[in-house]
Amino acid sequence: MNDPRLRAGFVLALVMAAGMPIAGRAAAQTSVEARSGLAVGNHTSTAAGLEWAPALSYEIRIARRLRPQVAVSAGYVRTAFGCREGFCRGREPTVTGHHAALGAELSHGSLWGRVGILYGTTRIGTEGETPQAGPGLEAGAGLRLRLGPARIGPGLSWRRMSADTPSSTDHAVALGFDLGVVFEFD
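Worth saying up front: this structure is predicted, and the values here are computed from it rather than measured. (Residues numbered from 1 in each chain as written. Predicted model: local features only at pLDDT ≥ 70, side-chain atom pairs only at ≥ 80, totals over all residues. Heavy atoms only, no water.)

Looking at the overall build of the protein chain
Next, step 1: When helices and strands are tallied, the protein chain shows 1 helix and 9 strands.
Next, step 2: Listed N to C, the secondary structure of the protein chain is α-β-β-β-β-β-β-β-β-β in terms of helices and strands.
Next, step 3: Relative to its 186 residues, the protein chain shows a buried fraction of 46%.
Next, step 4: Within the protein chain, contacts between residues at least 6 apart in sequence are counted, and of these 60% link residues at least 24 apart.
Next, step 5: Per element, the accessible surface of the protein chain, about 9300 Å² overall, is 65% carbon and sulfur. (Helix = DSSP H or I, 4+ residues; strand = E, 2+ residues; numbered from the N terminus. Buried < 20%, exposed > 50% of the residue type's maximum accessible area, 1.4 Å probe, protein only. Contact = heavy atoms within 4.5 Å. Areas by Shrake-Rupley, 256 points an atom, 1.4 Å probe, with all protein chains shown as cover.)

Have a look at this one:
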């Protein structure tokens, strides 16, 4: 997160999530979630032809319950995957996105689903122009099982990220498979 606009957006998203009004004492709950796993993707705007060159991705979020089954969250998301086809042949760079995330989550029992917006940069490889910050979208779903004071479980995420540079407009799409742990407070 070297871009000052990205840092400012991340801090603003955290402040907004922490300050959201809550409904009732039962809903008064803040949680911290960390997820890590592998993502595959493509440097085009469609999810067709995902390249099976996985790379490590991770995220950390703070969430605040608004209702027993509804929460808002803010956090940081790093999405990475390898690139071997098209213009990547012979170079095989890693596509890496660094984004502030703001979203909403629905949960029912041990199942959860999330949608949100992203803002940050996506760099393709280590060469070329400096990426420009831009918007993105995400969706995810998974399972959380109680394990002592925490909840753990697998998840699946989809992200569409801006990969703009000063001379081009592009997108990247990633599909992630991860494992997360959630600690609840209040």
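Quick look at the nonpolar core
Next, step 1: One finds V77, F81, C83, V95, A101, L118, I124, M161, A163, A172 and A174 forming the largest nonpolar core, which totals 11 residues.
Next, step 2: Counting only elements with at least two residues in this core, the list comes to strand 3 (70-82), strand 4 (94-108), strand 5 (111-124) and strand 9 (171-185).
Next, step 3: Apart from the residues within four sequence positions on either side, A163 is in contact with T122, I124, D170, H171 and A172. (Core = buried A, V, L, I, M, F, W, Y, C linked by side-chain atoms within 4.5 Å.)

Describing the environment of A63
Next, step 1: Take A63: it is sitting in strand 2 (residues 51-67).
Next, step 2: Between the alpha carbons of A63 and S73 there is a distance of 4.0 Å; along the sequence they are 10 residues apart.
Next, step 3: Setting aside chain neighbours within four positions, we find A63 in contact with Q29, T30, S31, V72 and S73.

Side note on the pattern of salt bridges
Next, step 1: One pass over the structure, following the stated rule, counts 13 salt bridges.
Next, step 2: As a salt-bridge pair, E33 and R35 come within 2.8 Å of each other at their nearest N and O atoms. With respect to burial, E33 and R35 carry one shared label: buried.
Next, step 3: The shortest N-O distance in the salt bridge between R114 and E105 comes to 3.0 Å. Of the two residues, R114 and E105, neither departs from the other in class, the shared state being buried.
Next, step 4: Here the salt bridges share partners, and the residues they tie into one network are E33, R35, E59, R61, E105, R114, E138, R144, R159 and D178. (Salt bridge = Lys/Arg side-chain N within 4 Å of Asp/Glu carboxyl O.)

Side note on the pairing of strand 4
Next, step 1: Pairing geometry for strand 3 and strand 4, over 13 bridges, is antiparallel. By the bridge assignment for strand 4, G75 is matched with A101.
Next, step 2: Examined bridge by bridge, strand 4 and strand 5 share 14 bridges and lie antiparallel to one another. Bridging across to strand 5, L102 finds its partner in I117.
Next, step 3: In sequence, strand 4 turns back onto strand 5 through a hairpin of 2 residues, with G109 there showing a positive phi of about 65°. (Pairing = 2+ DSSP bridges.)

With respect to the confidence of the model for the protein chain
Next, step 1: Of all residues in the protein chain, 76% have pLDDT values of 70 or greater, and the mean over the chain is 83.
Next, step 2: Mean pLDDT across the elements of the protein chain ranges from a minimum in helix 1 (residues 4-18), with 53, to a maximum in strand 6 (residues 134-143), with 96.
Next, step 3: Of the regions scoring below 50 in pLDDT, residues 20-27 engages in 15 contacts with residues more than four places distant in sequence or in other chains. (pLDDT = per-residue confidence, 0-100.)

Digging into the environment of N42
Next, step 1: Summarising the element assignment, N42 is placed in strand 1 (residues 30-42).
Next, step 2: Along the sequence, N42 and A174 sit 132 residues apart, while their C-alpha atoms lie 6.5 Å from each other.

Let's talk about the pairing of strand 5
Next, step 1: In this structure, strand 5 lies alongside strand 6, joined through 10 bridges in antiparallel fashion. Within strand 6, the residue paired with R114 across the bridge is G140.

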